[in-house]
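The chain contents come next:
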Amino acid sequence: MSAAQQLQEVLLAEPRGFCAGVDRAIEIVERALLKFGAPIYVRHEIVHNTYVVNDLKSRGAIFIEDLAEVPAGATLVFSAHGVSQEVRREAAARGFNVFDATCPLVTKVHVEVAKLHREGYEFVMIGHKGHPEVEGTMGQLSEGIFLVEDVEDVAKVRVRDPAKLAVVTQTTLSVDDAAQILAEVKRVFPQVREPKKQDICYATQNRQDAVKLLAPQVDVVIVVGSPTSSNSNRLRELAERLGTPGFMVDAAEDLKAEWLQDRPRVGLTAGASAPDVLVQAVISRLREFGATTVRSLPGVEENVHFPLPMGLGDKSMAEVTRSLS
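Caption draft 1: Quick look at the overall build of the protein chain. Broken down by element type, the protein chain carries 12 helices and 12 strands. Its C-alpha radius of gyration of 21 Å places the protein chain within 12% of the 20 Å reference for a compact globule of 325 residues. Each principal axis of the C-alpha atoms in the protein chain carries an extent, and together these give about 65 × 60 × 30 Å. Looking at the protein chain residue by residue over its 325 residues, the buried ones come to 52%. When contacts within the protein chain are restricted to residue pairs at least 6 apart in sequence, long-range pairs at least 24 apart make up 75% of them. Just so you have it, the protein chain exposes about 14,700 Å², and 51% of that area is on carbon and sulfur atoms.

Structure below.
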């Protein structure tokens, strides 16, 4: 019997896909293109999704890593992941017209680091080395911030004063993994200061909670998201940890029939940087493979909205479009 005959039902995780920070970041680039015209330069991928980046490229966005690639007087957007103070200083010195698309929840972490640093604190940062958000947060300081990627790293941290140590977290981590590492930080440094509110963002938490509900009810979990997306990778890993095979797809054509063999019920979710158009394309592909029903599981309803930066948020998108037509 073929996979097409066996696949019956698709269960959709709720919530899934775009979060408020991703929505805001993409809209900042779109509005900048409409208001100032192409090209608009963006430091790093605005969000970690291939489809989104290619779409904005086709409309005149140029993605760069080094500010030396940006001509004088150009409009520059900082990505949703945030940037270091060094990058901010260089952009200001070179006179770019800058719009900051850093997710406000990442900015919250940066503000906390700056505030506590002024009070004499050093920091442990729980996160993944090389991720742009981690580089941005650690780059808020020139010294006194130590990265830990796993429980074993905690023992390597050497601080001046254990009573003046605070902990911050990359916003897109596995909630469970971060909790394990934090527990070790608190064991080694009992006086460590924790954030008033956890750094892992609401969208990451909600999408992981939705997979925890979804995974036990299905035979396989498909996560829509790009390989570079931290929160998407964590969703796939979580499904696997819960005992359900998990696979990530960047697009519908990545879906493989053998993943569905003898698995009549498929769970589908999407990382916070994956647009719904990709989810709908995957649903269509699953119908081609034989799915007859698609239904959503109950989940948290998200109503978060972040304002746009000054200079871009003063008109609706429709008004900006009309003024340029």
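From this point, the narrative continues.
Caption draft 2: Geometry of the pairing of strand β7 (residues 145–148). Pairing analysis gives 4 bridges linking strand β6 (residues 122–126) to β7, with the strands arranged parallel. For Phe123, the partnering residue across the bridge sits in β7 and is Ile145.

Caption draft 3: Region of the structure containing the sheet that holds strand β10 (residues 246–249). With parallel pairing, the 5 strands of this open sheet are ordered in space as β10-β9-β11-β1-β12. With partners counted over all chains shown, the strands left at the sheet margins are β10 and β12 (293–296), one partner each. For this sheet, the mean inter-axis angle between neighbouring strands, taken without regard to orientation, is 25 degrees. Here strand β9 (residues 220–224) pairs with strand β11 (residues 265–270) via 5 bridges, running parallel. Looking at the pairing, Val223 lines up with Thr269 of β11. Its contacts with the sheet place helix α9 (residues 230–241) against β9, β10 and β11, and it is angled at close to 160 degrees to β10.

Caption draft 4: Fine view of the sheet that holds strand β2 (residues 40–43). Here 4 strands make up an open sheet; going across it, the order is β3-β2-β4-β5 and the pairing parallel. At either margin of the open sheet sits one strand with a lone partner, and together these are β3 (61–64) and β5 (97–100). Adjacent strand axes in the sheet meet at a mean angle of 25 degrees, parallel and antiparallel pairs treated alike. Across 4 bridges, β2 lies against β3 in parallel orientation. If you follow Tyr41 over to β3, its bridge partner there is Ile62. Seen against the sheet, helix α2 (residues 20–36) touches β2, β3, β4 (75–78) and β5 and runs at an angle of roughly 155 degrees to β5.

Caption draft 5: Representation of the confidence of the model for the protein chain in the model. On average, residues of the protein chain score 94 in pLDDT, and 95% of them are at 70 or above. Contacts from residues 1–5, a stretch scored under 50 in pLDDT, to residues over four places away or in other chains number 10 contacts. Low confidence marks residues 316–325, where pLDDT is under 50. Its contacts with residues over four positions away, or in another chain, come to 13 contacts.

Caption draft 6: Quick look at the state of the cysteines. Summed over the entire model, instances satisfying the criterion amount to 0 disulfides. Cys19 carries a free sulfur, and the closest cysteine sulfur to it, the one in Cys201, is 5.8 Å from it. Cysteine Cys103 remains unbridged, with the sulfur of Cys19 as its closest cysteine sulfur at 6.1 Å. Judged by relative accessible area, which is 13%, Cys103 ranks as buried.

Caption draft 7: Representation of helix α11 (residues 276–288) within the structure. If you check α11, its first and last C-alpha atoms are 19 Å apart, about what 13 residues at 1.5 Å a residue would give, namely 18 Å. Taken residue by residue, α11 has Leu278, Val279, Val282, Ile283 and Leu286 as its buried positions. For α11, the buried positions fall inside an angular range of 145 degrees around the axis, keeping them on one side. Where α11 ends, the next residue or the one after it, Gly290, has phi of about 120 degrees, a positive value.

Caption draft 8: Structural view of the side chain of His48. One can find His48 in the loop between β2 and α3 (50–58). Of note is the side chain of His48, whose polar atom sits 2.8 Å from the side chain of His44. A polar contact is formed between the side chain of His48 and the backbone oxygen of Thr228, at a distance of 3.0 Å. Excluding its chain neighbours within four sequence positions, the residues that come into contact with His48 are His81, His131, Pro132, Ser226, Thr228, Ser229 and Ser273.

Caption draft 9: Representation of the side chain of Arg43 within the structure. Assignment of secondary structure puts Arg43 in strand β2. Of the buried charged residues, Arg43 lacks a salt bridge, with Glu65 as the closest side chain of opposite charge at 5.0 Å. In contact with Arg43, not counting residues within four places along its chain, are Ile64, Glu65, Leu67, Leu76, Val77, Phe78, Ser79, Val83 and Val87.

About the cut-offs
Residues numbered from 1 in each chain as written. Predicted model: local features only at pLDDT ≥ 70, side-chain atom pairs only at ≥ 80, totals over all residues. Heavy atoms only, no water. Helix = DSSP H or I, 4+ residues; strand = E, 2+ residues; numbered from the N terminus. Rg over C-alpha atoms; globule rule 2.2 N^0.38 Å. Buried < 20%, exposed > 50% of the residue type's maximum accessible area, 1.4 Å probe, protein only. Contact = heavy atoms within 4.5 Å. Areas by Shrake-Rupley, 256 points an atom, 1.4 Å probe, with all protein chains shown as cover. Pairing = 2+ DSSP bridges. Axes fitted to C-alpha atoms, helices over the stretch in contact; angles between N-to-C directions. pLDDT = per-residue confidence, 0-100. Disulfide = S-S within 2.5 Å. Expected span 1.5 Å × (residues − 1). Arc of directions from axis to C-beta. Polar contact = N/O pair within 3.5 Å; in protein donor to acceptor, adjacent residues only side chain to side chain. Lys, Arg positive; Asp, Glu negative; His and termini not counted. Salt bridge = Lys/Arg side-chain N within 4 Å of Asp/Glu carboxyl O.

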